[in-house]
Structures are given as C-alpha cells and as structure tokens.
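Architecture and fold: a report
If you want the building blocks of each chain, they are given just below.
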Amino acid sequence: MKKGIIGKKIGMTQIFLESGEVIPVTIIEAGPCAVVQKKTVETDGYDAVQLGYADVAEKKVTNPVKGHFKKANVTLKRHLKEFRLEDVSGYNVGDEIKADIFAAGDKIDVTGTSKGHGYTGVIKRWNEAGLDAGHGIGPVHREVGSMGANSSPSRVFKNKKMAGQWGNEQITILNLDVVKVDAEKNIIAVKGAIPGARGGIVFLRNSVKA
C-alpha cells in the first residue's frame with residue numbers, strides 16, 4: 001500500500017461526462033486527516049502511519065487517548081486508523097492528509113461497514129426459496145427446511161446457511177475508479193457504490209490488486 005485516507009460517505013449521485021455518458025458515483029468526504037503516529041521497521045518492525053479523522057470533544061475521550069494525541073501535538077480525533085505503507089519517509093507526525101493525495105483516474109479500494117438488517121431468516125438473508133404453500137406444509141413456510149443429515153454424520157455441517165445476523169460487517173470493494181477530486185472541499189467522487197449507509201466511516205487506499 002502506498003497511500004490511504006479516512007473519509008465519510010455522503011451519498012450517491014451521477015456525473016455527466018463530456019461525451020454525454022452518465023456515471024453513477026459515490027461522494028466521499030475524505031479528510032482532512034492528521035498523522036497521529038508514525039511506525040517504522042526500526043522501532044515497530046513494520047512501516048505504517050496512524051491517521052486521525054473528525055474532531056471530538058475532550059469530554060468524550062479517555063485520559064490515555066488524550067495523552068496519545070498530546071504526545072503527537074494533534075487535536076483530538078474521533079476516528080483512528082492505521083495504514084501499513086511501503087514507505088513512510090514522506091510522512092511526519094502532525095502532517096495533514098487531504099483528498100488531493102488521490103487524483104482522477106486512480107484505482108482505489110474502499111472499506112466500509114455494511115448496513116445492518118438485524119436478525120433475519122434464510123429467505124431474507126440468503127435468498128432461499130420458501131416451502132410449498134399447499135396443504136400439509138407448515139405451520140411455518142419460511143423456515144430453513146431439512147438439514148440433510150441422518151444417523152451419519154448426525155450433525156449439521158459448518159457454514160450451513162441459516163438464520164442470523166445480516167449485514168453490519170466490514171466489506172472491502174476492490175478496484176474502484178476515482179472520477180473526480182475536489183481538493184478545496186475534500187471531496188472524492190468514486191464510480192459505483194460502496195458499503196454502508198450515508199454518514200458511515202470508510203477507509204480509502206490505493207488498489208493492492210489493480
């Protein structure tokens with residue numbers, strides 16, 4: 001990884017190109033982020049920078065966290081994220097990272113937390129078919145159905161698709177195109193959709209499998 005930044009998902013819209021083509025884009029408020037900590041191979045065994053995003057009130061932060069920011073001489077931030085980079089020589093504690101580290105045409109990976117849908121059944125969660133609606137079936141027509149096991153192996157196999165929590169998990173979308181960057185407003189327009197609801201925190205990095 002060569003570069004990364006923390007941002008917030010604003011929402012989706014569309015952009016018209018000069019050719020007349022319409023492109024759906026997700027608007028991300030990327031940064032500004034502060035370098036709170038710098039790690040090197042000599043001191044920590046690997047190269048990385050820890051970025052902080054979005055100011056937070058002092059009363060909402062614990063004393064150990066306050067000390068962490070005080071050591072870096074950086075204002076308190078709500079979100080912290082460490083990015084392992086190939087080279088950190090160009091970064092120093094206290095530096096400000098803005099959206100202009102990316103440019104139109106870049107390939108990026110975006111990580112976010114998907115929308116949570118609560119506890120759901122197999123039809124909603126896994127798109128499975130329901131049971132027949134005729135007589136003799138039921139009383140529940142949306143249950144998982146047979147598990148397919150008998151006296152051997154006398155158990156349910158791992159990874160069986162069953163009811164449970166749907167969503168609210170970390171998802172990374174690879175190789176998205178940066179369509180436009182507004183450095184003054186710290187806005188990045190990314191082609192397509194990214195995980196999460198409006199206002200959700202996302203992490204952007206250059207594509208590792210371009």
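Just above, that's the structure.
Residues take numbers from 1 onward in each chain, read along the sequence in its written order. Reporting of local features is limited, given that this is a predicted model, to residues whose pLDDT is at least 70; pairs of side-chain atoms are given and counted only at 80 or more, and all residues count toward the totals for whole chains, interfaces and linings. The side-chain numbers reported here are obtained from all heavy atoms of the structure, hydrogens and water having been left aside.

**Overview of the overall build of the protein**
Using the following cut-off: Comment: elements are numbered from the N terminus, with helices defined as DSSP H or I runs of at least four residues and strands as E runs of at least two. As defined in this context, the radius of gyration uses C-alpha atoms, and a globule is described by 2.2 Å times the residue total to the power 0.38. Accessibility here uses a 1.4 Å probe with only protein chains present; expressed as a share of the type maximum, an area under 20% marks a residue as buried, one over 50% as exposed, and anything in between as partly exposed. In what follows, a contact means two residues having at least one pair of non-hydrogen atoms within 4.5 Å. Each accessible area is a Shrake-Rupley result for a 1.4 Å probe, and residues are judged covered by the shown protein chains and nothing else.
What the protein contains, in helices and strands, is three helices and twelve strands. Here the C-alpha radius of gyration of the protein, 23 Å, is well above what a compact globule of 210 residues would show, namely 17 Å. Overall, the C-alpha framework of the protein stretches about 70 × 50 × 35 Å when taken along its three principal axes. The buried share among the 210 residues of the protein stands at 31%. At a minimum sequence separation of 6, the contacts of the protein that also span at least 24 residues come to 70%. Carbon and sulfur atoms form 48% of the exposed surface of the protein, whose accessible area is close to 13100 Å².

**A few points about the sheet that holds strand β12 (residues 201–206)**
Worth spelling out the cut-off: Strands are treated as partners if at least two bridges between them are detected by DSSP. The convention used is that axes are lines fitted to C-alpha atoms, helices contributing only their stretch in contact, and that angles between N-to-C directions extend from 0 to 180 degrees.
Taken in spatial order, the six strands of this closed barrel run β1-β2-β11-β10-β7-β12, and their pairing is antiparallel. Neighbour-to-neighbour, the strand axes of this sheet turn through a mean angle of 50 degrees, independent of strand direction. Taken together, the four bridges between strand β7 (residues 107–113) and β12 define a ladder with antiparallel strand orientation. In the sheet register, Asp 109 faces β12, and the bridge partner there is Arg 205.

**Overview of a nonpolar patch on the surface**
Definition in use: Residues forming no salt bridge and having over 30% relative accessible area are the ones grouped into patches, like charges within 9 Å of each other and nonpolar side chains (Val, Leu, Ile, Met, Phe, Trp, Tyr) within 5 Å. Salt-bridge detection follows one rule: a side-chain nitrogen of Lys or Arg within 4 Å of a carboxyl oxygen of Asp or Glu.
Judged by side-chain polarity, Met 147, Val 156 and Met 162 come together as a nonpolar surface patch covering roughly 210 Å² of accessible area. Summarising the element assignment, Met 162 is placed in the loop between α3 (122–126) and β9 (164–165). Judged by relative accessible area, which is 32%, Met 162 ranks as partly exposed.

**Structural notes on the pattern of salt bridges**
Across all of its chains, the model carries seven salt bridges by this definition. In this structure, Lys 66 and Glu 58 form a salt bridge, with 3.8 Å as the shortest nitrogen-oxygen distance. Of the residues examined, Lys 66 reaches a relative accessible area of 23% and is grouped as partly exposed. In this structure Glu 58 comes out as exposed when scored by relative accessible area, which is 52%.

**Some remarks on empty space enclosed by the protein**
Short version of the rule: Both cavities and pockets are sets of points on a 1 Å grid over the protein atoms alone; in a cavity a 1.4 Å probe fits but cannot get out, in a pocket the set is open with protein on both sides within 12 Å along at least five of seven lines, and lining residues sit with an atom within 4 Å of a point. Grid points are joined across faces, edges and corners, and a volume is the space filled by probe spheres set on the points. Here the nonpolar group is Ala, Val, Leu, Ile, Met, Phe, Trp, Tyr, Cys and Pro; Asp, Glu, Lys and Arg are the charged ones; every other residue, Gly included, is treated as polar.
Summed over all chains, the structure comprises one cavity of 30 Å³ or more. What lines the largest cavity is Lys 3, Gly 4, Val 49, Leu 51, Phe 83, Leu 85, Tyr 91 and Ile 97. Among the residues making up the lining of the largest cavity, the classes are represented as six nonpolar, one polar and one charged.

**A short note on the sheet that holds strand β6 (residues 96–97)**
The pairing of strands in a sheet happens through backbone hydrogen bonds and is either parallel or antiparallel. Pairing is antiparallel across the open sheet formed by four strands, whose spatial order is β5-β4-β3-β6. Two strands in the sheet have a free side with no partner beyond their single neighbour: β5 (77–84) and β6. In the sheet, strand β3 (residues 33–39) pairs with β6 via two bridges, with the strands oriented antiparallel. Bridging across to β6, Cys 33 finds its partner in Ile 97. With respect to the sheet, helix α2 (residues 63–72) is in contact with β3, β4 (48–55) and β5, its orientation differing from that of β3 by roughly 90 degrees.

**What to know about the environment of Asn 127**
In this structure, Asn 127 sits in the loop between α3 and β9. Judged by relative accessible area, which is 70%, Asn 127 ranks as exposed. Taking the C-alpha atoms as reference, Asn 127 lies 39 Å from Gly 52; in sequence the two are 75 residues apart.

**Points about the nonpolar core**
The condition that has to hold: The term nonpolar core refers to a set of buried residues drawn from Ala, Val, Leu, Ile, Met, Phe, Trp, Tyr and Cys, joined through side-chain atoms within 4.5 Å.
Residues Leu 51, Ile 108, Ile 188 and Leu 204 are the most contacted members of the largest nonpolar core, which totals 26 residues. For this core, the elements supplying multiple residues, two or more each, are β1 (4–16), β2 (22–30), β3, β4, β7, β10 (170–182), β11 (187–191) and β12. Listed in part, the eight residues of the second largest apolar core include Val 61, Ala 72, Val 74 and Leu 76.

**Focus: the pairing of β1**
Both β1 and β12 contribute to a ladder of five bridges, which runs antiparallel. Of the residues in β12, the one forming a bridge with Lys 8 is Ile 201. In this sheet, β2 lies alongside β1 in antiparallel orientation, the contact comprising nine bridges. Across the sheet, residue Ile 15 finds its bridge partner in β2, namely Ile 23. Count of turn residues in the β1/β2 antiparallel hairpin: five residues, of which Gly 20 carries a positive phi of about 95 degrees.

**Describing the packing of aromatic side chains**
Quick reminder of the rule: To pair, rings of Phe, Tyr and Trp, with the six-membered ring standing in for Trp, must have centres within 6.5 Å; the planes then decide the type, stacked if under 30 degrees apart, edge-to-face if over 60, and tilted in the middle. Note on geometry: a ring has a charge over it if NZ (lysine) or CZ (arginine) is within 6 Å of the ring centre and within 35 degrees of the ring normal.
The full count for this structure, using the stated rule, is zero aromatic pairs. Here the basic side chain of Lys 81 rests over the ring of Phe 203, its NZ or CZ set 4.8 Å away from the ring centre.

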